[in-house]
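# Summary of the model geometry
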Amino acid sequence: MSFDNAIVALSNDALKSVKDNFVIGLGSGRAATTLVKSLGKLIKLKNYSIIGIPTSLQIKLIAEKVGIPLAEADQVNHIDIVFDGADQIDSQKYVIKGGGGALLRENILFSLAKKVVVMADKTKFVKNFTRTIPVEIHPLARNSVVRSIEKLGGKAELRSLDRGYPFFTENGNIILDCDFGTIKNPKVLTQKIKQTTGVLESGIFLRKPDIIYRAKSDGKFDII
């Protein structure tokens, strides 16, 4: 048994919330990928009419492969439920996202959703955030945002690909990974980051999940 077994089990449990005619936000990452594959099976089994809203090309391709009809966020007037992963979850139930670079689209879906369900393995749970904060910015604002992050007490580094080229999001923007050390007040920090001209999204989401699944290494899970 492993985290992978737990993620399969919790995905099947999470899908009990899905009903016919739902509009579902499809997050990115390992847990979301597993859930999307299970959702494809559920749709065929129950002949549900479901619309999926993908947050990335990666998850869009997987959803298409398993037969989930898709739309864009601006083509629907609501989202019933979003299923997504997280890079870190603190004791206040705030999440950090953006490790894969889809934080802007993911946060748009969070804001539209009636219910947000986050799934992560137990290694992602911490008392206070300790990892870098992804910040999506317009390329023209790179230097000014770096200086603003430094004034807030952080150190910003441009996300790059293996060969040294800048990482560009699907929206044509770049990402700064910002190290603030241990973060005890994530709400205030993310509000300050988002007030910076040129910043499009911070990886600390203000919308907290309604349900959090925690996968354990023994193949089981619990709900927080």
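Residue numbers restart at each chain and count upward from 1, following the sequence in its written direction. Owing to the predicted nature of the model, reporting of local features is limited to residues with pLDDT of at least 70; listing and counting of side-chain atom pairs is limited to 80 or more, with chain, interface and lining totals taken over all residues. For side-chain calculations, the full set of non-hydrogen atoms in the structure is used, while hydrogens and water are omitted.

Right, let's get into the overall build of the protein chain. Secondary structure elements follow DSSP: runs of H or I of four or more residues count as helices, runs of E of two or more count as strands, with numbering from the N terminus. Along its length, the protein chain carries 6 helices and 13 strands. For this measure, only C-alpha atoms enter the radius of gyration; the expected value for a globule follows 2.2 Å times N^0.38, where N is the number of residues. Computed over its C-alpha atoms, the radius of gyration of the protein chain comes to 17 Å, within 12% of the 17 Å expected for a compact globule of 224 residues. Expressed as lengths along the three principal axes of its C-alpha atoms, the size of the protein chain is roughly 55 × 35 × 35 Å. For each residue, the accessible area found with a 1.4 Å probe, counting protein chains only, is set against the maximum for its type, and the residue is called buried under 20%, exposed over 50%, and partly exposed in between. Counting across all 224 residues of the protein chain, residues that qualify as buried make up 50%. Contact criterion: two residues are considered in contact whenever any of their non-hydrogen atoms come within 4.5 Å of each other. For the protein chain, contacts bridging at least 24 residues in sequence account for 76% of all contacts bridging at least 6. Of the roughly 11000 Å² that the protein chain leaves accessible, carbon and sulfur atoms contribute 50%. All accessible areas in this document rest on Shrake-Rupley with a 1.4 Å probe, and a residue is counted as covered only by the protein chains that are shown.

What follows concerns the packing of helix α1 (residues 3–14) against helix α2 (residues 30–46). Packed helices, taken two at a time, are described by the angle between their axes plus the distance between the axes. Where α1 contacts α2, the two axes come as close as 9 Å, and the packing angle between them is 50 degrees. As far as their axial angle goes, α2 and α1 are oblique. Along this stretch, α1 crosses α2, giving a crossing that reads as right-handed. Packed against α1, whose contacting residues are Phe 3, Asp 4, Ile 7, Val 8, Ser 11, Asn 12 and Ala 14, the element α2 presents Arg 30, Ala 31, Thr 34, Leu 35 and Ser 38 at the interface. Three categories are distinguished: nonpolar for Ala, Val, Leu, Ile, Met, Phe, Trp, Tyr, Cys and Pro, charged for Asp, Glu, Lys and Arg, and polar for the others, with Gly belonging to the last. Looking at the contact of α1 with α2, its residues break down into 6 nonpolar, 4 polar and 2 charged. Lines fitted to C-alpha atoms define the axes here, with helix axes fitted over just the stretch in contact, and angles between the N-to-C directions of these axes take values from 0 to 180 degrees. Between 65 and 115 degrees an angle is taken as roughly perpendicular, under 35 as roughly parallel, over 145 as roughly antiparallel, and anywhere else as oblique. The sense of a crossing depends on the near helix, which, turned anticlockwise from the far helix by less than a right angle, makes the crossing left-handed and, turned clockwise, makes it right-handed.

To continue, consider the pattern of salt bridges. Just to be clear on terms, a salt bridge is a Lys or Arg side-chain nitrogen sitting within 4 Å of an Asp or Glu carboxyl oxygen. Using the criterion set out here, one finds 11 salt bridges in the structure. With a shortest N-O distance of 3.6 Å, Lys 114 and Asp 80 are connected by a salt bridge. With Lys 114 in strand β6 (residues 113–121) and Asp 80 in strand β3 (residues 79–84), this residue pair connects regions lying 34 residues apart in the sequence. Since its relative accessible area comes to 11%, Asp 80 is described here as buried. Lys 97 is paired through a salt bridge with Asp 84; the nearest N and O atoms lie 3.1 Å apart. Here Asp 84 lies in strand β3 and Lys 97 lies in the loop between β5 (95–96) and α4 (103–112), a separation of 13 residues in the sequence. Overlapping salt bridges, with partners in common, bring together Asp 4, Arg 30 and Asp 121 in one network.

Before going further, it helps to spend a moment on the pairing of β3. For β3, the buried fraction is high: 6 of the 6 residues fall into the buried class. For two strands to count as paired, DSSP must find a minimum of two bridges between them. In this sheet, β3 lies alongside strand β1 (residues 23–26) in parallel orientation, the contact comprising 3 bridges. Paired with Ile 24 across the two strands is Ile 81, which belongs to β3. Of the strand pairs in this sheet, β3 and β6 are connected by 5 bridges, and their pairing is parallel. Bridge pairing in β6 links Asp 84 to Val 118.

The subject of this paragraph is the nonpolar core. Residues grouped as a nonpolar core are buried Ala, Val, Leu, Ile, Met, Phe, Trp, Tyr and Cys residues, joined through side-chain atoms within 4.5 Å. Counting residues in each nonpolar core, the largest one holds 30 residues, and the members touching the most others are Val 18, Ile 24, Val 36, Leu 39, Phe 83 and Met 119. Here this core gets 7 residues from one element, more than from any other, and that element is α2. Once you skip the residues sitting within four places of it in the chain, Val 18 turns out to touch Ile 24, Leu 39, Leu 42, Tyr 48, Ile 50 and Phe 83. Core analysis: the second largest hydrophobic core is formed by 22 residues, Ile 53, Ala 73, Phe 110 and Phe 167 among them.

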